[in-house]
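Results of the structural survey
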Amino acid sequence: MNGTAQITVTLTNPSGSNATPLPTQQGTATVSGTPSAGQTLTAVPTNWTAGACHRYQWLDNGAPIAEARAGTFTVPANPAGHVYTVRITGQLSGYQPLTATSL
């Protein structure tokens, strides 16, 4: 049977509207390496809240690169005109997630 279904999800705060917001993590994203063809760039999460787990997304001129979600990225051939950066998202229980993008 083919069809569509609509699902409504309602989130409630069991402790009421006076709940204390989660603290914000700290951290920045930088890249080390030379952006030349065949070279490896490395994402460097700097000064993050201790214990944070990181996810990576490499960007080409600000657009996500498909399947480039590791801590390292190999620069493809003909990198002229491309600016490679990384977006790091840190998650830690008890804190709001934080996303930082390298310059």
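A brief look at the structure comes next. (Residues numbered from 1 in each chain as written. Predicted model: local features only at pLDDT ≥ 70, side-chain atom pairs only at ≥ 80, totals over all residues. Heavy atoms only, no water.)

Regarding the environment of Ala-43
- Tracing the sequence through the fold places Ala-43 in strand β2 (residues 40–46).
- Ala-43 sits in the buried class, given a relative accessible area of 8%.
- Ala-43 sits 12 residues away from Val-31 along the chain, and the two C-alpha atoms are 4.8 Å apart.
- Ala-43 has contacts with Thr-30, Tyr-56, Trp-58, Gly-71, Val-86 and Ile-88, leaving out every residue within four places of it along the chain. (Helix = DSSP H or I, 4+ residues; strand = E, 2+ residues; numbered from the N terminus. Buried < 20%, exposed > 50% of the residue type's maximum accessible area, 1.4 Å probe, protein only. Contact = heavy atoms within 4.5 Å.)

Quick word on the sheet that holds strand β5 (residues 72–74)
- Pairing in this open sheet of 3 strands is antiparallel, and the strands run β1-β2-β5 from one edge to the other. Across the chains shown, the open sheet's two edge strands, defined by having one partner strand only, are β1 (28–32) and β5. Averaged over all neighbouring strand pairs, the angle between strand axes comes to 25°, with direction disregarded.
- Both β1 and β2 contribute to a ladder of 5 bridges, which runs antiparallel. Paired with Ser-32 across the strands is Thr-42, a residue of β2. (Pairing = 2+ DSSP bridges. Axes fitted to C-alpha atoms, helices over the stretch in contact; angles between N-to-C directions.)

Let's talk about the pairing of strand β6 (residues 84–91)
- Within β6, 6 of the 8 residues are buried, leaving the element largely enclosed by the surrounding structure.
- Alignment of strand β3 (residues 53–60) against β6, held across 8 bridges, turns out to be antiparallel. Bridge pairing in β6 links Cys-53 to Gln-91.
- Here β6 runs beside strand β7 (residues 98–101); their pairing, made up of 4 bridges, is antiparallel.

Topic: the sheet that holds β6
- Pairing within the open sheet is antiparallel, and its 4 strands lie in the order β4-β3-β6-β7. In this open sheet, the two strands that pair with only one neighbour each are β4 (63–64) and β7.

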